[in-house]
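Chain by chain, the residues run as shown.
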Amino acid sequence: MLIITQGYVEEYDWLIPYLIGFLILWFLYIFFRIYENWYANKNDRLLYRDIFVFRKLSRKQIKVLSNEFHFYTLLTAKEKKRFEHRVACFIKDKEFIGRDNLEVTDRMIVLISAIGCMLTFGRKNYKYKLIDYVLIYPKAFYSSMNEEYHKGEFNPREKALVLSWEDFENGYRITDDNLNLGIHEFMHALQLGAKQSSDVDALRFERQFQKILRRLTDQDLKDKLDEVRYFRAYAFTNEFEFMAVLAEYFIESPKDFETHFPQLYAYQKCLLNFDFAGY
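Worth saying up front: this structure is predicted, and the values here are computed from it rather than measured.

**Topic: the overall build of the chain**
Here's step 1: Scanning the chain from terminus to terminus reveals 13 helices and six strands.
Here's step 2: Here the chain holds 279 residues, and 46% of them are scored as buried.
Here's step 3: In the chain, 71% of the contacts between residues at least 6 apart in sequence involve partners at least 24 apart.
Here's step 4: On the chain, roughly 15,700 Å² of surface is accessible, and the fraction owed to carbon and sulfur atoms is 55%.

Here you go:
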């Protein structure tokens, strides 16, 4: 038999307002998460992306973005602040390692991080949880995964993104040839991350991904793809390579892409939640 005295109850009266406050906050949080998912499903876009923007890049790092990263120049002043915050968070979160005696510079780190953050700029979860390490080789490297030389690869088991700096640099510097190694490899990480997650970002991504795959079964689209040969042949290796190549075309030549394949463009825009920089 449990006996609680009046004095014992009074001793803990001060906790009641805190308990009530906690319960109110908990219910508000649950309500917000339900509303957030409903909003995303109904509108095919996120309710919000960043609540706090506080991390900053150095002036030297911002200069790299301003002078060498075209996407950054297309953003508004407010969007630039958010982009800088995300790049700074990405840099802090990952370990960048040079291979074959390559010295990793701050410029390399900023540009690689910028490519990753560009691809997820429309998302709420943007840090690539499946990437802990970015390994950078001077040139194409020998991969034990299939015993061939690669320009880049994503290794989810080791949580590593591996890049040839020579090919990465060529990819971002030429902004309209639809060949961008960084976009291609980061997109692989983004795809697998979405498949392994159940958050609102991942669900939106997977839904649009399935729309794109279903669209590819349309015979008229198949005939047009065969006729115009717009996407390079490597895109049709498998669904993962197709999505990676699609991202390259979407980022580097959006107007041309939209002209040729407006429905695929619309799905890709929704998948990445791109509502900025003229996309």
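There is more to say after this.
**A short note on the side chain of Asn178**
Here's step 1: Structurally, Asn178 is set in the loop between helix H7 (165-173) and helix H8 (181-195).
Here's step 2: We classify Asn178 as buried; its relative accessible area is 9%.
Here's step 3: Among the polar contacts made by the side chain of Asn178, one reaches the side chain of Ser253 at a distance of 2.7 Å.
Here's step 4: In this structure Asn178 touches Arg232, Glu248, Tyr249, Glu252 and Ser253, once residues within four positions along its chain are discounted.

**Observations regarding the pattern of salt bridges**
Here's step 1: Counted under the stated rule, the structure contains eight salt bridges.
Here's step 2: With a shortest N-O distance of 3.5 Å, Asp132 and Lys159 are connected by a salt bridge. On the criterion of sequence distance, the pair formed by Asp132 in the loop between helix H6 (106-119) and strand E2 (133-137) and Lys159 in the loop between strand E5 (152-155) and strand E6 (160-164) is long-range, its members being 27 residues apart.
Here's step 3: The residue Glu206 makes a salt bridge to Lys195 at a minimum N-O spacing of 3.5 Å.

**So, the packing of H6 against H8**
Here's step 1: The contact between H6 and H8 brings their axes to 9 Å, and the two run at 55°. If you check the angle between H6 and H8, you find them oblique. The two elements H6 and H8 cross, and the hand of that crossing is right-handed. Between H6 and H8, the contacting residues are Ile112, Ile115, Gly116, Met118 and Leu119 on the first element and Gly182, Ile183, Phe186, Met187 and Leu190 on the second.
Here's step 2: Of the residues contributing to the contact of H6 with H8, the split by class is eight nonpolar, two polar and no charged.

**Considerations on H7**
For the α-helix, the turn length of 3.6 residues means that residues three or four positions removed from each other point alike.
Here's step 1: Residues Trp165, Asp167, Phe168, Glu169, Gly171 and Tyr172 constitute the buried set of H7.
Here's step 2: Where the residues of H7 are buried, they touch helix H3 (59-68), H6, E2, E6, H8 and helix H11 (239-252).

**Details of the sheet that holds E2**
Here's step 1: If you trace the four strands from one edge of the open sheet to the other, you get E1-E2-E6-E5, paired in mixed fashion. Strands at the two margins of the open sheet, each flanked by one partner only, are strand E1 (95-98) and E5. Averaged over all pairs of adjacent strands, the angle between their axes in this sheet comes to 15°, without regard to strand direction.
Here's step 2: Of the pairings in the sheet, the one linking E5 to E6 comprises four bridges and is antiparallel in character. In the strand pairing of E6, Glu153 is matched with Val162.
Here's step 3: Along the sheet face, H6 touches E1, E2 and E6 and points at about 125° away from the line of E1.

**A look at the packing of aromatic side chains**
Here's step 1: Inspection of every chain in the model, using the stated rule, returns 31 aromatic pairs.
Here's step 2: A cation over an aromatic ring shows up here: Arg82 above the ring of Phe121, its NZ or CZ 4.1 Å from the ring centre.
Here's step 3: Above the plane of the ring of Phe261 lies Lys224, whose end atom (NZ or CZ) is 5.0 Å from the centre.

**Here's the deal with helix H5 (residues 77-93)**
Here's step 1: Its 17 residues give H5 an end-to-end C-alpha distance of 24 Å, which sits within 8% of 24 Å, the value for a rise of 1.5 Å per residue.
Here's step 2: Buried residues of H5: Glu79, Arg82, Phe83, Glu84, His85, Arg86, Val87, Ala88, Cys89, Phe90 and Ile91, and no others.
Here's step 3: At its buried positions, H5 is contacted by H3, helix H4 (70-73), E1, H6 and H8.

**Some details on the environment of Tyr133**
Here's step 1: Relative to the assigned elements, Tyr133 resides in strand E2.
Here's step 2: C-alpha separation for the pair Tyr133 and Ala160, spaced 27 residues apart in sequence, amounts to 4.7 Å.
Here's step 3: Ignoring anything within four residues of it in the chain, the contact list for Tyr133 reads Glu95, Ile97, Glu158, Lys159, Ala160 and Leu161.

**A look at the packing of H6 against H7**
Relative orientation and spacing of two packed helices are given, respectively, by the angle between their axes and the distance between those axes.
Here's step 1: Relative to each other, H6 and H7 sit at 60°, their axes nearing to 11 Å. Classified by the angle their axes make, H6 and H7 are oblique. Where H6 crosses over H7, the two elements pack in a sense that is left-handed. In this structure, H6 contributes Arg107, Met108, Leu111, Ile112 and Ile115 to the contact, and H7 contributes Trp165, Phe168, Glu169, Tyr172 and Arg173.
Here's step 2: Residue composition of the contact of H6 with H7, grouped by class: seven nonpolar, no polar and three charged.

About the thresholds
Each chain has its residues counted from 1, running along the sequence as written. Residue-level local features of this predicted model are given only where pLDDT is at least 70; pairs of side-chain atoms are given and counted only at 80 or more, and the full residue set underlies all totals for whole chains, interfaces and linings. Processing note: side-chain calculations cover all non-hydrogen atoms of the structure and skip hydrogens and water entirely. The numbering of helices and of strands both runs from the N terminus, where a helix is a DSSP run of H or I of at least 4 residues and a strand a run of E of at least 2. Exposure categories follow from relative accessible area, calculated using a 1.4 Å probe and restricted to protein chains: below 20% of the type maximum is buried, above 50% is exposed, and the middle band is partly exposed. Whether two residues are in contact is decided by their heavy atoms, any of which lying within 4.5 Å being enough. Note on areas: Shrake-Rupley, 1.4 Å probe, and residue coverage restricted to the protein chains presented here. Polar contact is defined as a pair of N or O atoms within 3.5 Å, subject to the rule that within protein one atom must be able to donate a hydrogen and the other to accept it, and that residues adjacent in sequence are counted only when both atoms are side-chain atoms. Any Lys or Arg side-chain nitrogen located within 4 Å of an Asp or Glu carboxyl oxygen qualifies as a salt bridge. Note on geometry: axes are lines fitted to C-alpha atoms, helical ones only across the stretch in contact, with angles between N-to-C directions running from 0 to 180 degrees. Each angle gets one of four labels, with under 35 degrees taken as roughly parallel, over 145 as roughly antiparallel, 65 to 115 as roughly perpendicular, and the rest as oblique. For a crossing to be left-handed, the near helix must be turned anticlockwise from the far one by less than a right angle; the clockwise case is right-handed. Note that Gly is not counted as nonpolar here; it falls among the polar residues with everything else outside the nonpolar set of Ala, Val, Leu, Ile, Met, Phe, Trp, Tyr, Cys and Pro and the charged set of Asp, Glu, Lys and Arg. We treat two strands as partners when DSSP finds at least two bridges between them. Two rings from Phe, Tyr or Trp (for Trp, the six-membered ring) form a pair when their centres are within 6.5 Å of each other. A pair whose planes differ by under 30 degrees is stacked, one over 60 is edge-to-face, and the rest are tilted. We call a charge positioned above a ring when the Lys NZ or Arg CZ atom is no farther than 6 Å from the ring centre and deviates by at most 35 degrees from the ring normal. Each helix should span, by expectation, one fewer than its residue count multiplied by 1.5 Å.

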